[in-house]
Amino acid sequence: MNRILKTTAIAAAVMGFATAAQARDQVRIVGSSTVYPFSSYVAEEFGATTDFPTPVIESTGSGGGARLFCNGLGEGTPDITNASRRMKPSEFERCVENGVTDITEAFIGYDGIAFAQSSKNDEMDVTREQLFMALAAQVPVDGELVDNPYTQWSEIDSSLPDREIAVYGPPTTSGTRDAFEELVMEAASEDMEAYGGEGYTDIRTDGAFIDAGENDNLIVQRLSENTDAFGIFGYSFLEENADTLMGSSIDGVEPTPDAIGSGEYPVSRSMFFYVKNQHADEVPAMYEYANLFMSEKMIGDIGYLKGMGLIPAPKDMRADAREDVANHETLELSDLK
Amino acid sequence: MRQSFDEISAQLKRRHRKSARLKWMSMGALGLAGVFLVFFFTDMLIKGLPAFQQAQIQVQVDYNEMAQEIPLAAVEEEVRPLVSRGYLRLIPGRMEDNADLLGTTRMEWVLADGQVDQYLKGHHNNLSASEQAVVDELAANGRAELKFNTTFFSRGDSKMPELAGIASAAMGTVMTLLVTLVVAFPIGVMTAVYLEEFAPDNRFTQIIEININNLAAIPSILFGLLGLAIFINFFGVPRSSPLVGGLTLALMTLPVIIISTRTALRSVPEDIRHAAFGVGCSRWQVVRDHVLPVSMPGIMTGSIIGLAQAMGETAPLIIVGMVAFIPDVSATITEAATVLPAQIFTWAGEPDRAFTEKTAGGILVLLTILITLNATAVVLRKKFERRW
């Protein structure tokens, strides 16, 4: 029987070792796939230039990150979560329920959402209303809501090309999708009588909108194969693929860094990360990382992250945000509403 | 009923035609699979081979006081955008460690920026025309070259394509698979031995058998959820560690090992058992001294194939947090780590196009290891196989 005994001993040892592992000096970060490239750049720099180990970053999506972050305090929970939108009040409430009461919000800068196509096509200029008509699950026709009947762009407006409506976009877990729904769908439908003055954000599921997964590169590849289609993704991917892709103007504004930073381009969003102050004693590297992220050499006008597609906030906003992080300013529910 | 000779020969012809058709069809299927394989390999080789080379440039590095504050100041303005940031940021640290460096100027081969690398390889890049001219001039003077990419094998992940390597992922894979092997192999083999040699054949063992066969076909992501619930949330195993990854993959590999071990045990002729019992061996002695040694090649083959399958797995590891950005090469099984397929997945999502070749290069390395593992399985079987 000694072999069975040995097996049990090994298994027991493995388990014992696991539970014995305690204390960590490695910062744990989760959250948005949009913030992930910036966050991991800072983490790498942090690991290479300080004595601390490089933080571990998982790309879980903004919602997934908030869920892990708000699971509670201690060893197994992340110290920082990245988000490509503000924390939702419901998420904050869940945090508080689980004892995560002292959170600092750090505002990093902006990211634009591009509505792009293959550069083999003619340039396109759409309004948010037209985008809404093309993508909403139900649209008003003669004052009544019906299932979206449009299959060609030209059916919506004669100025639009005579091409089939096919749009590759992110799934519902993505912060990009949340932002698109809010900034395009909701904004366009708020004033439409048919929806009773409330924003309508349901995206059609009859095949015209194609859920392409969290990987933005996949959308980029599909656009070069299917030149009739459009894609919705983060601005940094448009910048990196400027030779094959072309961003459409929305409400007459082209997606350029200046237009996104000034808010002139309507589909731009703010990016954040959230710090769990209650972990400060166990994870001393956490604040150092946060301060490095907020430094001018990262998020400033000529910072490294700009080269990766981050659109810096105006100078005084950056300074305010930096100060909030340095002072470990506590986030209140009223801030989020 | 009597058949005429003509009828018989016509029937024979039909049957021959039928078998010829079948032969062509199966050859066609094989050919199609072959074409896919060749296409895939060529594509990977064309895209991936450049990853094993990396551009380096020779520049004058001036270790002055200013470089301690702003590393960019250490190199001439003209080549500043061409030198990797990953090299520059280490200069202040190196000057601190070695005080003699201050005030010296040296010609050094340094890692070039990823864009220079892409330009020299003739790929898409973001260099401006004037920067390209500088690189051209450096290349003409033998000061810019593509050299063997040691970084790719010695470093972990990075946001800078010229610094990105597979070392941390490879190390993570090794540690994860070790945990899997240590846990799954003994448990799997002992389970199979019990079921095959000791257990009575009743309703209970039949139910267990059906369940094991079912487990082998369950989508791997479910094992990830199980691992999250049991190992991380209940036992408190550190998230993202090779330990939790290995345990999760062990759950997944167990049924494969159990099933292949049982098959191997069953193929041992009854005569051997009878002979051993005949000379008075106990059941345990029969198994330990006779049945197990004879069936070992089969067990090894099954386990290696199970491990190779576990090695290519990403889905359950996403759930336990092993798909993450890990630049440091981890040394213990409780530190955060990632694995090769997860690294490939991460690179495939990078916006920077220089990562395309890294992705393909990573796939080539993974394929090489998988082929080696499977070849080992074949060799083991051939070498120790006994025919009865």
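Procedures and definitions
- Residues numbered from 1 in each chain as written.
- Chains lettered and ligands numbered in written order.
- Predicted model: local features only at pLDDT ≥ 70, side-chain atom pairs only at ≥ 80, totals over all residues.
- Heavy atoms only, no water.
- Domains from an automatic or database assignment.
- Contact = heavy atoms within 4.5 Å.
- Buried area = accessible area lost by both parts, 1.4 Å probe.
- Salt bridge = Lys/Arg side-chain N within 4 Å of Asp/Glu carboxyl O.
- Polar contact = N/O pair within 3.5 Å; in protein donor to acceptor, adjacent residues only side chain to side chain.
- Helix = DSSP H or I, 4+ residues; strand = E, 2+ residues; numbered from the N terminus.
- Nonpolar A, V, L, I, M, F, W, Y, C, P; charged D, E, K, R; others polar.
- Pairing = 2+ DSSP bridges.
- Core = buried A, V, L, I, M, F, W, Y, C linked by side-chain atoms within 4.5 Å.
- Buried < 20%, exposed > 50% of the residue type's maximum accessible area, 1.4 Å probe, protein only.
- Axes fitted to C-alpha atoms, helices over the stretch in contact; angles between N-to-C directions.
- Left-handed = near helix turned anticlockwise from the far one by under 90°.
- Phe/Tyr/Trp six-rings, centres within 6.5 Å; stacked < 30°, edge-to-face > 60°.
- Patch = residues over 30% accessible without salt bridge, like charges linked within 9 Å, V, L, I, M, F, W, Y side chains within 5 Å.
- Areas by Shrake-Rupley, 256 points an atom, 1.4 Å probe, with all protein chains shown as cover.

> Would you take a moment to explain the domain arrangement of chain B for this structure?
All names here are of chain B. Along its sequence, chain B is organised into domain 1 (50-92 + 101-149) and domain 2 (167-384). For domain 1 and domain 2, the distance between their C-alpha centres works out to 44 Å. Contacts between domain 1 and domain 2 engage eleven residues on the former and eight residues on the latter. Across the domain 1 to domain 2 interface the summed buried area is about 620 Å²; carbon plus sulfur atoms make up 52%. On the domain 1 side of the interface with domain 2, the three residues burying the most area are A51, F52 and H124, jointly 57% of the side's total. Where domain 1 meets domain 2, there are one salt bridge. The closest approach of N and O atoms between K121 and E357, which form a salt bridge, is 2.7 Å. Our count for the domain 1 to domain 2 interface comes out at three residue pairs in polar contact (both at pLDDT 80 or more). Sorting elements by how many residues they give to the side of domain 1 that touches domain 2 places helix α5 (residues 114-120) first, with three residues.

> I tried to follow the interface of chain B and chain A on my own but got confused; where do I start?
How big an interface is tends to be stated in terms of the accessible area lost upon association of its parts. The interface of chain B with chain A comprises 43 residues on the first partner and 36 residues on the second. A buried area of about 3,400 Å², summed over both sides, lies between chain B and chain A, and 58% of it is on carbon and sulfur atoms. Per-residue buried area on chain B facing chain A is highest for K159(B), F325(B) and P351(B); these three make up 18% of the total on that side. Taken together, the connections running from chain B to chain A amount to five salt bridges. The shortest N-O distance in the salt bridge between R239(B) and E58(A) comes to 2.7 Å. Our enumeration of links across chain B and chain A arrives at 20 residue pairs in polar contact (both at pLDDT 80 or more). Elements represented by at least two residues in the side of chain B that touches chain A include exactly α8 (167-198), α11 (242-266), α13 (283-311), β4 (324-325) and α15 (340-348) of chain B. Sorting elements by how many residues they give to the side of chain B that touches chain A places α8(B) first, with four residues. Across the side of chain B that touches chain A, the residue classes break down as 25 nonpolar, nine polar and nine charged. Sheet topology places strand β2 (residues 56-58) of chain A next to β4(B); two bridges connect them, and they run antiparallel.

> In this structure, what is going on with the nonpolar core? I would like to understand it.
Considering soluble globular proteins, one finds that nonpolar side chains tend to be buried as a cluster. If you look at the biggest cluster of nonpolar residues, it comprises 102 residues, and the most contacted ones within it are F115(A), W153(A) and F233(A). Per-element accounting of this core gives the leading share, nine residues, to strand β4 (residues 103-118) of chain A. If we skip the residues at most four places from it in the chain, W153(A) touches F115(A), M124(A), L131(A), A134(A), L160(A), P161(A), R163(A), E164(A), I165(A), A166(A), V167(A) and F230(A). Among the nonpolar cores identified, the runner-up in size contains 62 residues, and L195(B), L265(B), A342(B) and L366(B) belong to it.

> Mind showing me how you'd approach the sheet that holds strand β3 (residues 144-148) of chain B here?
Strand pairs in the sheet, formed through backbone hydrogen bonds, run parallel or antiparallel to each other. Residue and element names in this part refer to chain B. Taken in spatial order, the three strands make up an open sheet running β2-β1-β3, and their pairing is antiparallel. Of all strands in the sheet, those with a lone pairing partner are β2 (105-111) and β3, marking the two edges. Across this sheet, the average inter-strand angle for adjacent strands is 35°, counted without regard to direction. Here seven bridges tie strand β1 (residues 53-62) to β2, and the two strands are oriented antiparallel to one another. Counted as the bridge partner of Q58 is W109 from β2.

> Teacher, can you tell me more about the packing of α8(B) against α11(B) here?
When two helices pack together, their arrangement is captured by the angle between the axes and the distance separating the axes. All names here are of chain B. Across the interface, α8 lies against α11 with an axial gap of 6 Å and an inter-helix angle of 35°. Considering only the axes of α8 and α11, their crossing is right-handed. Considering only residue class, the contact of α8 with α11 consists of 19 nonpolar, nine polar and four charged.

> Can you help me understand the pattern of salt bridges in this one?
Should the charged atoms of two oppositely charged side chains come close, the side chains can pair. If you walk through the whole model with that rule in mind, you get 29 salt bridges over all chains. Measuring nitrogen to oxygen at the nearest pair gives 2.6 Å for the salt bridge that ties R86(A) to E105(A). With R86(A) in the loop between β3 (80-83) and α4 (89-97) and E105(A) in strand β4, this residue pair connects regions lying 19 residues apart in the sequence. R86(A) sits in the partly exposed class, given a relative accessible area of 33%. Across the salt bridge formed by K121(B) and D117(B), the nearest N and O atoms sit 3.0 Å from each other. With respect to burial, K121(B) and D117(B) carry one shared label: buried.

> When you look at the packing of aromatic side chains in this model, what are you seeing that I'm missing?
Working definition: an aromatic ring pair is given by the centre-to-centre distance plus the angle between the planes. All names here are of chain B. Counting across every chain of the model gives 23 aromatic pairs over all chains. Aromatic side chains F152 and F153 sit 5.3 Å apart centroid to centroid with 85° between the ring planes, which places their arrangement in the edge-to-face category. For F153, a relative accessible area of 39% translates into the label partly exposed. Linked through ring pairs, F52, F148, F152, F153, W347 and F355 together constitute an aromatic cluster.

> Which parts of the structure should I look at to understand a nonpolar patch on the surface?
Residue and element names in this part refer to chain B. A cluster of nonpolar side chains, namely L215, I218, I221, L222 and L225, defines an oily patch on the protein surface of about 370 Å² accessible area. Take the nonpolar patch: its biggest share by element is three residues, from helix α10 (residues 220-234). Checked against the element boundaries, I218 lands in the loop between α9 (203-215) and α10. For I218, a relative accessible area of 31% translates into the label partly exposed.

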